[in-house]
Amino acid sequence: MSDKSGEAGAVTTIEELETLYGRPGEGSLVKETDHIIPAYAAFIEASPFLTLATAGPEGLDCSPRGDRPGFVRIHDRRTLMMPDRHGNNRLDSLRNIVRDGRVGLLFLVPGSGTTLRVNGTARISADAALCASFMVEKKAPRSVIIVRVESVYFQCARAIRRSRLWDAESQVDPASLPSIGRILGELSGGAIDADTYDAEWPQRALKTMW
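So, here's what we can say about the structure. (Residues numbered from 1 in each chain as written. Predicted model: local features only at pLDDT ≥ 70, side-chain atom pairs only at ≥ 80, totals over all residues. Heavy atoms only, no water.)

1. What to know about the overall build of the protein
In step 1: For the protein, the count of helices and strands is eight helices and seven strands.
In step 2: Each principal axis of the C-alpha atoms in the protein carries an extent, and together these give about 55 × 55 × 40 Å.
In step 3: Across the 210 residues of the protein, 31% fall into the buried class.
In step 4: Across the protein, the fraction of contacts at a sequence separation of at least 24, relative to all contacts at a separation of at least 6, is 63%. (Helix = DSSP H or I, 4+ residues; strand = E, 2+ residues; numbered from the N terminus. Buried < 20%, exposed > 50% of the residue type's maximum accessible area, 1.4 Å probe, protein only. Contact = heavy atoms within 4.5 Å.)

The following block contains the structure:
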């Protein structure tokens, strides 16, 4: 049986979409620039977390990136540099960048409802001197993602306020969610022991934090 639940009222043209939503306000249009202005630089320099969206032959990817505030370096008003720290070596984002290059970044600043969006094209550099300039705890990243900025604009605070993201009472007890070990145990059919994985994870994470 086919699922037709989404067919009723489907919007299939740009004209239908614009009729449904109306025209954007002046503020929504004027806020977009093709370079990093000082006000937008302040958000980038204060942000310890962003999501990185990429596209490639296998599809789309969106991954979290976090480090100390200001970990994304503003090289000039059209160029950002971001270290690629230790991860799981899936390389989903990096594979996409090598093949396609289009990226979208969404910067979050804890406590602020405003987020900053950057769209552009990226390339990967393994230049030793450049990587060394991003060294933390005596460890350099294996590569640096260099983003050529094409558009920058802020996103208003409605989504953050609706979600109450920064409110202390919104925090979830991690124990109420499935542990990483349990998830991997189920997906591996028991080949990965959940309790062992969870017990070893904190120390393993510390060794590969940077």
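2. Details of helix α3 (residues 38–46)
In step 1: Those residues of α3 that sit buried are Y40, A41 and I44. All buried residues of α3 lie within an arc of 105° about the axis, which places them on one face of the element.
In step 2: Against β3 (73–76), β4 (79–84), β5 (102–108), β6 (115–125) and β7 (143–155) lie the buried residues of α3. (Arc of directions from axis to C-beta.)

3. Some details on the pairing of β4
Side-chain positions along a regular strand alternate between the two faces of the sheet.
In step 1: Buried residues dominate β4, accounting for six of its six residues.
In step 2: Side chains of β4 alternate between two faces, with T79, M81 and P83 and L80, M82 and D84 buried alike.
In step 3: Both β3 and β4 contribute to a ladder of three bridges, which runs antiparallel. Bridge pairing in β4 places R73 opposite M81.
In step 4: Taking the residues between adjacent antiparallel strands as the criterion, β3 and β4 are bridged by two residues.
In step 5: Bridge count for β4 against β7 is six bridges, and the pairing is antiparallel. Looking at β7, one finds that P83 is bridged to V144. (Pairing = 2+ DSSP bridges.)

4. Things to note about the packing of helix α7 (residues 180–187) against helix α8 (residues 194–207)
In step 1: One can describe the packing of α7 onto α8 by two numbers: an axis separation of 8 Å at closest approach and a directional angle of 145°. For the crossing formed where α7 meets α8, the hand is right-handed. Each of I180, G181, R182 and L184 in α7 lies in contact with α8, whose residues at this interface are A194, Y197 and D198.
In step 2: Of the residues in the contact of α7 with α8, the class split is four nonpolar, one polar and two charged. (Axes fitted to C-alpha atoms, helices over the stretch in contact; angles between N-to-C directions. Left-handed = near helix turned anticlockwise from the far one by under 90°. Nonpolar A, V, L, I, M, F, W, Y, C, P; charged D, E, K, R; others polar.)

5. Thoughts on a nonpolar patch on the surface
In step 1: On the surface, V11, I14, L17, L20 and Y21 cluster together into a nonpolar patch covering about 540 Å² of accessible area.
In step 2: Taking the relative accessible area as the measure of exposure, I14 reaches 52% and is therefore exposed. (Patch = residues over 30% accessible without salt bridge, like charges linked within 9 Å, V, L, I, M, F, W, Y side chains within 5 Å. Areas by Shrake-Rupley, 256 points an atom, 1.4 Å probe, with all protein chains shown as cover. Salt bridge = Lys/Arg side-chain N within 4 Å of Asp/Glu carboxyl O.)

6. Some remarks on the sheet that holds strand β1 (residues 49–56)
In step 1: Pairing in this open sheet of seven strands is antiparallel, and the strands run β2-β1-β5-β6-β7-β4-β3 from one edge to the other. Unpaired on one side and paired on the other, β2 (59–66) and β3 mark the two borders of the sheet. With strand direction ignored, the average angle separating the axes of adjacent strands in the sheet is 30°.
In step 2: Where β1 lies against β2, eight bridges are found, and the strand directions are antiparallel. Directly across from F49, in β2, lies its bridge partner G66.

7. Comments concerning the nonpolar core
In step 1: Core analysis: the largest hydrophobic core is formed by 23 residues, its most contacted members being I36, L50, V72, L80, L105, F107 and I145.
In step 2: Sorting the residues of this core by element identifies α3, β1, β4, α4 (92–99), β5, β6 and β7 as the ones contributing at least two each.
In step 3: Looking at this core, the element that brings in the most residues is β7, giving five residues.
In step 4: Those residues in contact with F107, other than ones at most four positions away along the chain, are I44, S47, F49, L50, V72, L80, T115, L116 and V118.
In step 5: By size, the runner-up hydrophobic cluster in this structure holds six residues, among which are M81, C131, F134 and V144. (Core = buried A, V, L, I, M, F, W, Y, C linked by side-chain atoms within 4.5 Å.)

8. With respect to the packing of aromatic side chains
In step 1: Evaluated as defined, the whole model comprises one aromatic pair.
In step 2: One cation-aromatic arrangement involves R73 over F134; the distance from NZ or CZ to the ring centre is 3.7 Å.
In step 3: Positioned over the ring face of Y197 is R204, at 4.5 Å from the centre of the ring. (Phe/Tyr/Trp six-rings, centres within 6.5 Å; stacked < 30°, edge-to-face > 60°. Lys NZ or Arg CZ within 6 Å of the ring centre and 35° of its normal.)

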